[in-house]
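# Survey of secondary and tertiary structure
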Amino acid sequence: MTDTVVSSATRELKIGFDRPFAIIGERINPTGRKILAAEMKAGDYSRVEADARAQVAAGAEMLDVNAGIPLADEPGILADSIKLVQSVTDVPLSIDSSIVAALEAGLAVYQGKALLNSVTGEEERLETVLPLAKKYGAAVVAISNDEAGISENPDERFDVAKKIVARAADHGIHYSDIVVDPLVMPVGAVGSAGRQVLHLVKRLREELKVNTTCGASNFSFGIPNRKGMDGTFLSMAIAAGLTSAITNPLHEEVMQAVFGANVVMGRDVNCAKWLKRYRQPATADGAAGGARGGREGRRRRRA
């Protein structure tokens, strides 16, 4: 069993094959959110704080923090956002940026062991991000693409992941600190996207013994009833071995699929978390809120 351990100053999260699926909240990300982007650029982090609190309350065990705003001071904004989020919640954070200077700015102020998002198989990225992860003792998300782009062949994406794990070892980073993103493509555009991920996740678990994550909402991009589709995708990916995902915990259909999958996979002992989340409170007369009274609550008798 491989455990990837991340932490805040006071709270630890273990992502692992035989552990409950880890939900990483995706909402602190200005991409596609014009109001949030404008506020963060202006130094207003009230929405960041609200999103952090809401996601944790909804069940996120970790939060992804991204400050990718064009023509803005991304390193400064990311560092400020991380300090704020860590002041209002104790869950570990994923520090998310395509800019190495922003990743380092975030790591410099982070309290605990972060998840660094991300490194790819591109040479320049390998030689800048991996030393950074080693320097700060962070775990790192490995995205399975390289200079050739994203292959539709899952075995080629596996080879990229294998390369990243090997290069990480050269830098003294154990494979338990590598969380591979197999790259989820939109099923509306690539009909085999689901099968590709299921195949790849199984290989990553069995051959590289690494934990995995993904941007779950990518799967449903461009099709209707996205929440239902994302929930279906995640439940099947969990069965295949996926151990975490960056997704929106405010979408109840998604969370219900994840909590249900934990039960099915035997990772929710005695269904305790399911019952805590979904059991109806007792009514004033002491009956369970979910039970139906009167004629509906009794078996019909044969005439």
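So, here's what we can say about the structure. The residue numbers shown here count from 1 along each chain, following its written sequence. With pLDDT at 70 or above as the cut-off, local features in this predicted model cover only qualifying residues; side-chain atom pairs require 80 or more to be listed or tallied, and sums for whole chains, interfaces and linings still use all residues. Excluded from the side-chain calculations are hydrogens and water; all other atoms, namely the structure's heavy atoms, are used.

### Describing the nonpolar core
One finds I95, L116 and L234 to be the most contacted residues of the largest nonpolar core, which totals 72 residues. Setting aside its immediate chain neighbours within four residues, L116 contacts I95, L103, L107, V129, A133, A138, A139, V140 and V141. Buried residues of nine kinds, namely Ala, Val, Leu, Ile, Met, Phe, Trp, Tyr and Cys, make up a nonpolar core once their side-chain atoms join them within 4.5 Å. Each residue gets one of three labels from its accessible area relative to the maximum for its type: buried under 20%, exposed over 50%, partly exposed in between, using a 1.4 Å probe on protein chains only. One finds V6, L13, I15 and A22 within the second-largest nonpolar core, a separate group that totals 13 residues. What makes two residues a contact is simply this: any of their non-hydrogen atoms within 4.5 Å.

### Some words on the packing of helix 8 (residues 226-240) against helix 9 (residues 252-264)
The angle between the axes and the distance between the axes are what describe a pair of packed helices. Lines fitted to C-alpha atoms define the axes here, with helix axes fitted over just the stretch in contact, and angles between the N-to-C directions of these axes take values from 0 to 180 degrees. The helix count covers DSSP runs of H or I at least four residues long, the strand count covers runs of E at least two residues long, and both are numbered beginning at the N terminus. Where helix 8 contacts helix 9, the axes come no closer than 8 Å and their chain directions differ by 20°. Judged on the interaxial angle alone, helix 9 and helix 8 are roughly parallel. Here the hand of the crossing between helix 8 and helix 9 comes out right-handed. Counting all contacts with helix 8, which are made through K227, G228, D230, G231, L234, S235 and I238, the residues of helix 9 involved are E253, V254, A257, V258 and A261. Note that Gly is not counted as nonpolar here; it falls among the polar residues with everything else outside the nonpolar set of Ala, Val, Leu, Ile, Met, Phe, Trp, Tyr, Cys and Pro and the charged set of Asp, Glu, Lys and Arg. When its residues are assigned to classes, the contact of helix 8 with helix 9 shows 6 nonpolar, 3 polar and 3 charged. Roughly parallel means an angle under 35 degrees; roughly antiparallel, over 145; roughly perpendicular, 65 to 115; everything else is oblique. The sense of a crossing depends on the near helix, which, turned anticlockwise from the far helix by less than a right angle, makes the crossing left-handed and, turned clockwise, makes it right-handed.

### As for the pairing of strand 8 (residues 178-181)
Burial of strand 8 is two-sided: the residues I178 and V180 facing one way and the residues V179 and D181 facing the other way are all buried. Here, strands pair whenever DSSP counts at least two bridges between them. Examined bridge by bridge, strand 7 (residues 139-143) and strand 8 share 4 bridges and lie parallel to one another. Bridge pairing links V140 to I178 in strand 8. The handedness of a crossover follows from its direction of travel: if, with the strands pointing away from the viewer, the path from the first strand over the helix to the second runs clockwise, the crossover is right-handed. The handedness of the strand 7 to strand 8 crossover, carried by helix 6 (residues 154-170), is right-handed. Here strand 8 pairs with strand 9 (residues 211-212) via 2 bridges, running parallel. Within the sheet, the bridge partner assigned to V180 lies in strand 9 and is T212. Read from strand 8 through helix 7 (residues 193-208) to strand 9, the crossover connection turns out right-handed.

### Points about the environment of L130
By the element assignment, L130 lies in helix 5 (residues 123-136). Sequence separation between L130 and R167 is 37 residues, and the spatial gap between their C-alpha atoms is 8.2 Å. With near-sequence residues (within four places) excluded, L130 lies in contact with V119, R125, R167, A168, H171 and I173.

### With respect to the environment of S220
Locating S220 in the fold gives a position in the loop between strand 9 and helix 8. Assessed through its relative accessible area of 0%, S220 is described here as buried. Counting along the chain gives 101 residues from S220 to V119, while the straight-line C-alpha distance between them is 24 Å. Contact partners of S220, with chain neighbours within four places excluded, come to R226, M229 and D230.

### Quick word on helix 5
To estimate the expected span of a helix, count its residues, drop one, and scale the result by 1.5 Å. Relative to the 20 Å expected for 14 residues at 1.5 Å per residue, helix 5 spans 20 Å between its end C-alpha atoms, a close match to the ideal helical length. Looking at helix 5, one finds that the buried residues are R125, L126, V129, L130, L132 and A133. Buried residues of helix 5, viewed axially, fall in a sector of 160°; they line one side. Exposed and facing more than 90 degrees away from the buried side of helix 5 are E124 and K135. Relevant arc is that of directions from the helix axis to the C-beta atoms, nothing else.

### Overview of the environment of V65
Looking at the element boundaries, V65 is found in strand 4 (residues 62-66). Residue classification places V65 among the buried residues on the basis of a relative accessible area of 0%. Remark: the alpha-carbon pair of V65 and A189, spanning 124 residues in sequence, is separated by 28 Å.

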